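Now for the letters of each chain:
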Amino acid sequence: MFESLSDRLGAIFEGLRGRGALEEKDVNEALREVRIALLEADVALPVAKEFIGKVKERAIGAEVLRSVTPGQQVVKIVHDALVEMLGGSDKTDLDFATTPPAVIMMVGLQGSGKTTSTAKIALRLQKREKKKVLMASLDTRRPAAQEQLAILGEQAEVKTLPIIAGQNPRDIAKRALEAGRLGGFDVVMLDTAGRLSIDEQLMAEIADIHAASDPIETLLVVDALTGQDAVSTAEKFKARVPVSGVVMTRIDGDARGGAALSMRAVTGAPIKFVGVGEKIDALDTFEPERMAGRILG
Ligand code: GDP
């Protein structure tokens, strides 16, 4: 069993209670542990470095409060810096400030959990926010992709756009918007096609659909288990469409939590939701506090 980062930091400062200010030597030793823990959690090196710099600045010379041990104080400084870098003050609510239907466009690589996340978000909006939601799959390449969304829609009791064979993605998007308007829907969710890797054709298609449907939210779905690859995927998508938020899936399988830190720090896009399982209701809003707690252990 690994010792948690909080325990390791506590051990370094053991016996230093009441010394006044935190000393550089002790802080440096602590930062070595923080650095190791971040790299073990698969945080990208430049992000780990930036983070260490931030903590160092705040820790050295900080007066130790009477009520806590120096170890606890450093843990708190690390915790607060983590929350901040995970986007503690981000606005993570979805934006609906537009003439209905508000369009939410889902993008991401195949297998990232895009279709599942589309249905999870639709269910959440319908159930908790009482929005009337219509989902449409624009994936005309992968066999049965449109049917997959229809099946999830049945499970979640969320309406899906009827499938018309042979239609191209742009036309399906237009039909979805029209059906959304005529049917009095609050939200239209567009599940775009994914590929196993990014290619020009996929990106051109996504940019085209974005232009045609003018979404108020463009959510990028990434798999936490792919770690730093998820970050480079995000950068490539961001270069072509204005990503308004990230959905990070499979955090139920990622005990380390480093992907979220790298993702937020490198892309600057707020993480809005996390996928926590295969079930249709296994979706949480992203809580930087909780994720920081996970990294600290
Ligand atoms: P897409 O190709 O990006 O549309 O991916 P899918 O939505 O079809 O998901 C691929 C697989 O990942 C499915 O078996 C999902 O049940 C599973 N999946 C999606 N999100 C999560 C998650 O948050 N946790 C877990 N454990 N599995 C997930």
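Structure: see above.
Figured I'd write up the structure that's included with this text. Predicted model only: the values in this text are computed from it and were never measured. Counting of residues starts from 1 at the beginning of each chain's written sequence and follows it residue by residue. Where local features are concerned, this predicted model is filtered to residues with pLDDT of at least 70; where side-chain atom pairs are given and counted, the filter is 80 or more; whole-chain, interface and lining totals use all residues. Side-chain figures throughout are based on the complete set of non-hydrogen atoms in the structure, without hydrogens or water.

### So, the overall build of the protein chain
A run of H or I in DSSP counts as a helix once it spans at least four residues, and a run of E counts as a strand once it spans at least two, with each numbered from the N terminus. When its secondary structure is counted, the protein chain shows 11 helices and 8 strands. Each principal axis of the C-alpha distribution contributes one length, and for the protein chain these read about 70 × 40 × 35 Å. Exposure classes here rest on a 1.4 Å probe applied to the protein chains alone. A residue is buried below 20% of its type maximum, exposed above 50%, and partly exposed in between. The buried share among the 297 residues of the protein chain stands at 52%. For this analysis, residues touch if any pair of their heavy atoms sits within 4.5 Å. Contacts spanning at least 24 positions in sequence make up 76% of the contacts within the protein chain whose residues lie at least 6 apart. Entry remark: accessible area of the protein chain is about 13,800 Å², with carbon and sulfur atoms responsible for 50%. Here the protein chain contributes 39 positively and 43 negatively charged side chains, and the mean placements of these two sets differ by 2 Å. Per-residue accessibility takes into account occlusion by the displayed protein chains alone, with areas from the Shrake-Rupley method and a 1.4 Å probe. Positive residues here are Lys and Arg, negative ones are Asp and Glu, while His and the chain termini are left out of the count. Each charge is placed at NZ for Lys, CZ for Arg, CG for Asp and CD for Glu.

### Things to note about unusual backbone geometry
Going from Pro100 to Pro101, the amide bond is cis rather than trans, its omega being 0 degrees. Here the phi dihedral of Lys130 falls at roughly 55 degrees; this positive angle occurs in a residue that is not glycine. On the secondary structure map, Lys130 appears in the loop between helix H5 (114–128) and strand E2 (133–137). Look at Glu157: it is not a glycine, yet its phi comes out positive at around 55 degrees. Structurally, Glu157 can be placed in the loop between helix H6 (145–156) and strand E3 (159–160).

### Let's talk about the site of the ligand
Here a residue is considered near a molecule or strand provided that any single heavy atom belonging to it is located within 4 Å of it. Gly111, Lys114, Thr116, Arg250 and Asp252 are the nearest of the 17 residues found near the ligand. Backbone polar atom of Val276 to an oxygen atom of the ligand: 3.5 Å apart, as the coordinates give it. Relative to its unbound accessible surface of 580 Å², the ligand loses 82% to contact with the protein. Of the residues forming the shell around the ligand, the biggest block, 4 residues, is contributed by H5. Two N or O atoms count as a polar contact when they lie within 3.5 Å, although within protein this holds only if one can serve as hydrogen donor and the other as acceptor, and sequence-adjacent residues are included solely when both atoms are side-chain atoms.

### Side note on the sheet that holds strand E7 (residues 271–275)
Read from one edge of the open sheet, 8 strands run E3-E2-E4-E1-E5-E6-E7-E8, paired in mixed fashion. The open sheet has two edge strands with one neighbour each: E3 and strand E8 (283–285). We treat two strands as partners when DSSP finds at least two bridges between them. In the sheet, strand E5 (residues 217–223) pairs with strand E6 (residues 245–249) via 5 bridges, with the strands oriented parallel. From the neighbouring strand, Asp223 faces E6, where its bridge partner is Thr249. To obtain an axis, a line is fitted to C-alpha atoms, over the contacting stretch when the element is a helix, and the angle between two such axes runs from 0 to 180 degrees between their N-to-C directions. Lying on the sheet, helix H10 (residues 258–267) is in contact with E5, E6 and E7; it crosses E6 at an angle near 165 degrees.

### Observations concerning the pattern of salt bridges
Between side chains of opposite charge, a pair can form as their charged atoms come close. The salt bridge criterion pairs a side-chain nitrogen of Lys or Arg with a carboxyl oxygen of Asp or Glu, the two atoms within 4 Å. By the definition in use, this model includes 15 salt bridges. Note that Arg58 and Glu84 form a salt bridge whose closest N and O atoms lie 2.9 Å from each other. On the criterion of sequence distance, the pair formed by Arg58 in helix H3 (residues 45–59) and Glu84 in helix H4 (residues 70–85) is long-range, its members being 26 residues apart. Ionic pairing is found between Asp191 and Lys114, a salt bridge with its closest N-O pair at 3.3 Å. With a gap of 77 residues between them, Asp191 in strand E4 (residues 187–191) and Lys114 in helix H5 connect regions that are remote in the sequence. As far as the burial class goes, Asp191 and Lys114 line up, both buried. What emerges from the salt-bridge pattern is a single network uniting Lys54, Arg58 and Glu84.

### Digging into the packing of helix H7 (residues 169–182) against helix H8 (residues 200–213)
At a minimum axis distance of 10 Å, the contact between H7 and H8 shows a crossing angle of 25 degrees. In terms of axis orientation, H7 runs roughly parallel to H8. For the element pair H7 and H8, the recorded crossing hand is right-handed. Between H7, through Pro169, Arg170, Ala173 and Leu177, and H8, the contact on the second element is made entirely by Glu205, Asp208, Ile209, Ala212 and Ser213. Residue classes follow a fixed rule: Ala, Val, Leu, Ile, Met, Phe, Trp, Tyr, Cys and Pro count as nonpolar, while Asp, Glu, Lys and Arg count as charged, and any other residue, Gly among them, counts as polar. For the contact of H7 with H8, a count of residues per class yields 5 nonpolar, 1 polar and 3 charged. The cut-offs work like this: below 35 degrees is roughly parallel, past 145 is roughly antiparallel, 65 to 115 is roughly perpendicular, and the gaps in between are oblique. Each crossing is labelled by how the near helix is turned from the far one, with a counterclockwise turn of less than a right angle marking it left-handed and a clockwise turn marking it right-handed.

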